[in-house]
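Here are the chains, one letter per residue:
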Amino acid sequence: MKFVDEFRDGGAVRICLERIRATVTQPWTIMEVCGGQTHTILRYGLDELLPPEVSLVHGPGCPVCVTPIEMIDLAIEMAGHPRIMLCSFGDMLRVPGSSCDLFDARAAGADVRIVYSPLDAVNLAERETSREVVFFAVGFETTAPTTAMAIVHASRRKLPNFSVIAAHVRVPPAMEAILASPGNRVQGFLAAGHVCTVMGIEEYWPIVNKYKVPIVVTGFEPVDLLQGVAMCITQLESGRAELQNQYVRSVRTAGNRSAQALMADVFEVVDRRWRGFDVLPRSGLGLSQRYAAFDTVHRFGLKAGRAVEPVECQAGEVLRGLIKPPQCPAFAKECSLDHPLGAPMVSSEGACAAYFRAGRLASVGSEAQ
Amino acid sequence: MSDSGQDRGSKQFALNCPSPLQKDAVILLGHGGGGRLTAGLVRDLFLPRLSNPILDRLNDSAEVRGGSGRLVFTTDSFVVNPLRFPGGDIGSLAVNGTINDLAVVGAQPLALSAAFILEEGFAIAELAAIAQSMSEAAHAAGVEVVAADTKVVERGKADGVFITTSGIGVIPDNIQLGPERAQQGDAILVSGPIGDHGIAVMSAREGLEFETTVGSDCASIHSLVCGMLAAGGGIRCMRDPTRGGVATILNELAKSSGVEMIIDESAVPVRDAVRAACEILGLDPLYVACEGRLVAIVDDACAEQILAAMRAHPLGTGACRIGTVTKGTEPRVVLRTAFGPTRILDLLAGEQLPRIC
């Protein structure tokens, strides 16, 4: 398959590994920001192929994982009202709130729908005029343009029964929060290629300059990730801190200007609480004044409470890259895919789920190796 | 069937000559009432399509003559959405699915039953198309539907039509297969490319429509199994990888036999179009359903012979070996990735859901 096979090629993987081995002379800790990258690493066992000096820690780039519990509680509360039809992406339905998840709410009678695009929710609102359709919008700058497009469509079609719980977040403030935290171990980043496809790369220069860390914008296939690691290690070993783009087949320096213009029209940058991080300044996307009528919270006069996260779950430490999932005391004990305590065990992009699925609980393939 | 259809029924009924169905007729609650509407539906819609001497008697139970051997009995419910998809529909699925459950335990299918839960308002023309599809699938497999039932529920309490099929079959005395029989050193075979059915259904699902050349692999595999069983023995067990795909059934077999299985990811056959769809949706083809494939655990010494028998059958031309049974430390399935490292191929916690971004 073109544009896939060449980036999963065993020969190319070996060349990247040889380059990394030839370059590295001392221990380095690199964080891959995006959950999709984490899953590729675990899926192909790339971390096992790297020399022991290179340690990969997994970042906060899973949209489901960083959505705070109170937002999920808010969505569950909304879904409980008889006139509401709550729509979201499938992964969101499994994430536990304070007392239950959206699947539980559905089983208890709430009208909760899985959609594959925010525009599907707009179409539902147009069709079901007697219902209030609420789209629970999560994700980074990658999915935010699709929510923006849905709101513009709803506005053009003058739909009075469509609104959005806007839980979109921005990546750069989280990277900065990680670097600024006292226990930080991260010495270089593999930035999220898809986010940069939308936003471009310029907004990462201030982080590179302020914290003197290499940032390599990286793709999602095995060869992409190993190339990203090689570029990062080369900078670290030579004492440089620069912004580089490994994912040139997708990422332009300026990004996707149409998507950015749409986002600038529909959203405004706000402070937002993240799971595992508390409130990060300028890290969220709320609806702009112009589209305030489509803001569920505004329309229904809601106020999110402050939920308490389960004490035994160390999702916050995992999301900040301070520990790896198996280091959490609840991992594979109280917390599993069947009984997740925290969102990183639920989401298809969550680091805990990636470790659990790959069976990184004990030694693997005893007879095979 | 509408009132007018029911009136026509008694005059126009003829075997193998389905009466013309009124274009806009829909299922009414009365079609499940056991009275004249029900009788009309049976006479005008089901019997002309599924007719055979046993069913035509309309007795409370079907009398079936069995061969010699051990009797097997299986049942399965079908609730697919959408009802029609590239390469099949709920009717062909319900017939083939149950025949395949009989086939993979080594049984020769004898007869099927079919129970229909119909939703009030369901188009009778669509039900007729489904019955026709069941007829064609049963005919192709040489198996008959000998007992059937119909119930109607109020609008909104079902999703068009749900079908439950049951099947009986006979395993010849000399055939002994079972999920507990996998042994260290055995070969793990698959009869062809995986994931076609799941992707075909998803491509037709509302809200997710995408263009693909993939059609469902929905088919009866019992003649393929016959060829394999005739190849000289060595088959430990077989299973059709339907819900949960190949990964799920391998986990079940590993657990039943108390063995570890090593699967070579690069040996697993997946069509490019299925791979592409899985890439876009964020799915793993190893967990995507097949409806016309089988996985066989066989004695390593007989593997080539069995593979040759599989490849000689139209449904097994893509058969290949995908892994090996090992002793391991615990019952589990381990995937050796393309670059050498391994990971556990576990059961899914729930359904695979398309990713967010």
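Everything quoted here is computed from the prediction, not taken from an experiment. (Residues numbered from 1 in each chain as written. Chains lettered and ligands numbered in written order. Predicted model: local features only at pLDDT ≥ 70, side-chain atom pairs only at ≥ 80, totals over all residues.)

### Structural notes on the overall build of chain B
Here's step 1: Each helix and strand counted, chain B has 10 helices and 13 strands in total.
Here's step 2: Dimensions of chain B along its principal axes, counting C-alpha atoms only, are 70 × 55 × 30 Å.
Here's step 3: Counting only residues that meet the buried cut, chain B has 51% of its 357 residues in that class.
Here's step 4: Taking the intrachain contacts of chain B between residues at least 6 apart in sequence as the baseline, contacts between residues at least 24 apart amount to 84%. (Helix = DSSP H or I, 4+ residues; strand = E, 2+ residues; numbered from the N terminus. Buried ≥ 20, exposed ≤ 12 C-beta atoms within 10 Å, placed from the backbone. Contact = placed C-beta atoms within 7 Å.)

### A look at the domain arrangement of chain A
Here's step 1: Taken domain by domain, chain A comprises domain 1 (5–61 + 181–189 + 203–245), domain 2 (69–170 + 255–299) and domain 3 (323–356).
Here's step 2: Each side of the interface is counted separately: domain 2 of chain A has five residues, and domain 3 of chain A has five residues. (Domains from an automatic or database assignment.)

### What to know about the domain arrangement of chain B
Residue and element names in this part refer to chain B.
Here's step 1: Partitioning chain B into domains gives domain 1 (3–171) and domain 2 (187–344).
Here's step 2: Between the C-alpha centres of domain 1 and domain 2 there is a distance of 29 Å.
Here's step 3: Of the residues lining the interface, 22 residues belong to domain 1; the matching set on domain 2 comes to 22 residues.
Here's step 4: Elements that contribute at least two residues to the side of domain 1 that touches domain 2 include exactly helix H4 (90–103) and helix H5 (124–141).
Here's step 5: It is H4 that contributes the most residues to the side of domain 1 that touches domain 2, nine residues altogether.

### Focus: the pairing of strand E5 (residues 144–153) of chain B
Residues and elements named next belong to chain B.
Here's step 1: In the sheet, strand E4 (residues 108–119) pairs with E5 via nine bridges, with the strands oriented parallel. Within E5, the position partnered with Phe 116 by the bridge is Thr 150.
Here's step 2: Read from E4 through H5 to E5, the crossover connection turns out right-handed. (Pairing = 2+ DSSP bridges. Right-handed = clockwise from strand over helix to strand, strands pointing away.)

### Some details on the packing of helix H1 (residues 10–23) of chain A against helix H11 (residues 222–237) of chain A
Helix packing for two helices is described by the angle between their axes and how far apart those axes are.
Residues and elements named next belong to chain A.
Here's step 1: Following both chains from N to C, one finds H1 and H11 inclined at 15 degrees, their axes separated by 9 Å at the closest point. What the angle tells us is that H1 and H11 run roughly parallel. Here H1 runs over H11; the crossing is left-handed. Along its contact with H1, which presents Ala 12, Val 13, Cys 16, Leu 17, Arg 19, Ile 20 and Thr 23, the element H11 presents Pro 222, Val 223, Leu 226, Gln 227, Val 229, Ala 230, Ile 233, Thr 234 and Glu 237.
Here's step 2: Split into classes, the residues belonging to the contact of H1 with H11 amount to 11 nonpolar, three polar and two charged. (Axes fitted to C-alpha atoms, helices over the stretch in contact; angles between N-to-C directions. Parallel < 35°, antiparallel > 145°, perpendicular 65-115°, else oblique. Left-handed = near helix turned anticlockwise from the far one by under 90°. Nonpolar A, V, L, I, M, F, W, Y, C, P; charged D, E, K, R; others polar.)

### A word on the nonpolar core
Here's step 1: Among the nonpolar cores identified, the biggest contains 126 residues, and Ala 75, Ala 79, Leu 86, Phe 136, Ile 165, Ala 191 and Val 229 of chain A are the most heavily contacted of them.
Here's step 2: With residues up to four places along the chain from it excluded, the contact list for Ala 79 of chain A reads Ile 84, Leu 86, Leu 102, Ala 105, Ala 110 and Val 112 of chain A. (Core = buried A, V, L, I, M, F, W, Y, C linked by C-beta atoms within 7 Å.)

### Some details on the sheet that holds strand E2 (residues 54–61) of chain A
All names here are of chain A.
Here's step 1: Read from one edge of the open sheet, five strands run E2-E1-E7-E8-E9, paired in parallel fashion. The open sheet has two edge strands, E2 and strand E9 (243–245), and neither has a second partner. Averaged over all pairs of adjacent strands, the angle between strand axes in this sheet comes to 25 degrees, irrespective of strand direction.
Here's step 2: Relative to strand E7 (residues 188–192), strand E1 (residues 28–34) is paired through three bridges, and the arrangement is parallel. Within E7, the position partnered with Met 31 by the bridge is Phe 189.

### A few points about the environment of Glu 180 of chain B
All names here are of chain B.
Here's step 1: Structurally, Glu 180 can be placed in the loop between strand E6 (161–171) and strand E7 (187–190).
Here's step 2: Given 12 C-beta atoms within 10 Å, Glu 180 falls into the exposed group.
Here's step 3: Spatially, the C-alpha atom of Glu 180 lies 7.1 Å from that of Leu 253, the residues being 73 residues apart in sequence.
Here's step 4: Apart from the residues lying within four places of it in its own chain, the contact partners of Glu 180 are Ser 256 and Ser 257.

### Overview of the environment of Ala 140 of chain B
Here's step 1: Its location among the elements puts Ala 140 of chain B in helix H5.
Here's step 2: Taking the C-beta count within 10 Å as the criterion, Ala 140 of chain B has 15 such neighbours and is therefore assigned partly exposed.

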